[in-house]
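Coordinate inspection notes
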Amino acid sequence: MRWDGQSVTADDGALPGLGRAGLGRTVTTPDFAGVTFHEVLARSALSKVPGESLPFRWTVNPYRGCLHRCVYCFARPTHRYLDLDPGDDFDRQIVVKTNVAEVLRAELSRPSWCHEPVALGTNTDPYQRAEGRYRLMPGIVDALASSGTPFSVLTKGTLLRRDLPTLADAAREVDVRAAVSVAVLDPELQQSLEPGTPTARARLDLVRAVRDAGLPCRVMVAPVLPWLTDSTAHLEGLLDQVVAAGATGATVLPLTLRPGAREWFLAWLARERPRLVAGYRRVYGSGTTASRGYRSWLAARVRPLLAARGLDRDTEEGAPRFVPRDPARSGRPAPRAAPAGPTLF
Ligand code: SF4
């Protein structure tokens, strides 16, 4: 689940259509059947988030499109800016910024860079399966840490395990926070909604691994789907497992349906759960967010469940603390703390 409110214009502007995106080559490989990778040389890596609605102003997105293929994905409309469609193309036409770490390193070394927190995974998932092939994240993490820039990573991808030693090393330099998205316990429903993702069990095990590496890790229980995953029994069962995995907190958010994502999700709903279509029309109307009434109802249901489990606050005992650099020695202003996980959502 991506951060709601991030405009599609939040990206770096380097990819308005593949033709102008610095396209290097297009790749297909038997290891990724049905997938096309478009390798591009990005002109910029840091993307400024417009507006004041989010607690971070900068993101890095090494990939466009996502092999996790969540039917509700908030980022789907961004593919239109590449002259690709937000449905099937988003799932199968993946743009890879192969030089992202190098460009990022140059941007972070500018005297004007203020070492503000950078959020990874706010648009597409940096630990989707493509990362196994391209290995862009270690360079990104190293660039951020060595420049004194705090950062956070949000993912559904268990591939993050590969980089736990790198992330733990980075946490000795700057504040590093992880968040894992887990919203659906039922395996059949989860695979239907998120066909390219690891199971909920595997992601909860990832939370445990992140905590064992000494890093804070929150869980994003998002999106919550009316009538599908919003029962007290489901939420309690999931939050119990979140606690058992050692998460430092959790945030629960309802589904949003932005244009582009909305059509794709509603097509899935009509196909897989046709009896719910009328109910979703009532809850969402023609809007992006659930009705005020639904959001209030869900918040009231969730609040005591989080509080009873101590998940409504960041409990980071044992997690590495932010180590501010000495500005007098580094010549840089002391960096701010990383985005505080899903308390920001
Ligand atoms: S994991 Fe990928 S497809 Fe799923 S919501 Fe996140 S960015 Fe979208």
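Residues numbered from 1 in each chain as written. Predicted model: local features only at pLDDT ≥ 70, side-chain atom pairs only at ≥ 80, totals over all residues. Heavy atoms only, no water.

With that out of the way, let us pick up the confidence of the model for the chain. Of the residues in the chain, 85% reach a pLDDT of 70 or more, and the chain-wide mean stands at 88. Every residue in residues 316–335 is under pLDDT 50, and counting partners more than four places away or in other chains gives 41 contacts. (pLDDT = per-residue confidence, 0-100. Contact = heavy atoms within 4.5 Å.)

Here we take up the packing of helix H8 (residues 232–244) against helix H11 (residues 292–308). Each pair of packed helices gets described by two things: the angle between the helix axes and the distance between those axes. Interaxial distance between H8 and H11 falls to 11 Å at its minimum, and their mutual angle equals 35°. Both H8 and H11 take part in a crossing whose hand is right-handed. Side by side, H8 and H11 meet where Thr-232, Leu-235, Glu-236 and Leu-239 of the first sit next to Leu-298, Arg-301, Val-302, Leu-305 and Leu-306 of the second. In the contact of H8 with H11, the residues fall into 6 nonpolar, 1 polar and 2 charged. (Axes fitted to C-alpha atoms, helices over the stretch in contact; angles between N-to-C directions. Helix = DSSP H or I, 4+ residues; strand = E, 2+ residues; numbered from the N terminus. Left-handed = near helix turned anticlockwise from the far one by under 90°. Nonpolar A, V, L, I, M, F, W, Y, C, P; charged D, E, K, R; others polar.)

On to the sheet that holds strand E2 (residues 36–40), then. Hydrogen bonds between backbone groups are what pair the strands of a sheet, and the pairing can be parallel or antiparallel. Spatially, E1-E2-E6-E5 is the arrangement adopted by the 4 strands of the open sheet, whose pairing is mixed. The strands lining the two open edges of the sheet, one partner per strand, are strand E1 (23–27) and strand E5 (63–64). Summarising the sheet, E1 and E2 pair through 4 bridges and their orientation is antiparallel. Opposite Arg-25, over in E2, you have Glu-39 as the bridge partner. (Pairing = 2+ DSSP bridges.)

Next up on the list: the pairing of strand E9 (residues 176–181). Burial of E9 is extensive: 6 of the 6 residues sit out of reach of the surface. Residues Val-176, Ala-178 and Val-180 of E9 are buried on one face, and the alternating residues Arg-177, Ala-179 and Ser-181, pointing to the opposite face, are buried as well. In this region the chain leaves strand E8 (residues 151–155), passes through helix H5 (residues 164–170) and returns to the parallel neighbour E9; the handedness of that crossover is right-handed. With 4 bridges joining them, E9 and strand E10 (residues 217–224) adopt parallel strand pairing. Paired with Ala-178 across the strands is Cys-217, a residue of E10. (Buried < 20%, exposed > 50% of the residue type's maximum accessible area, 1.4 Å probe, protein only. Right-handed = clockwise from strand over helix to strand, strands pointing away.)

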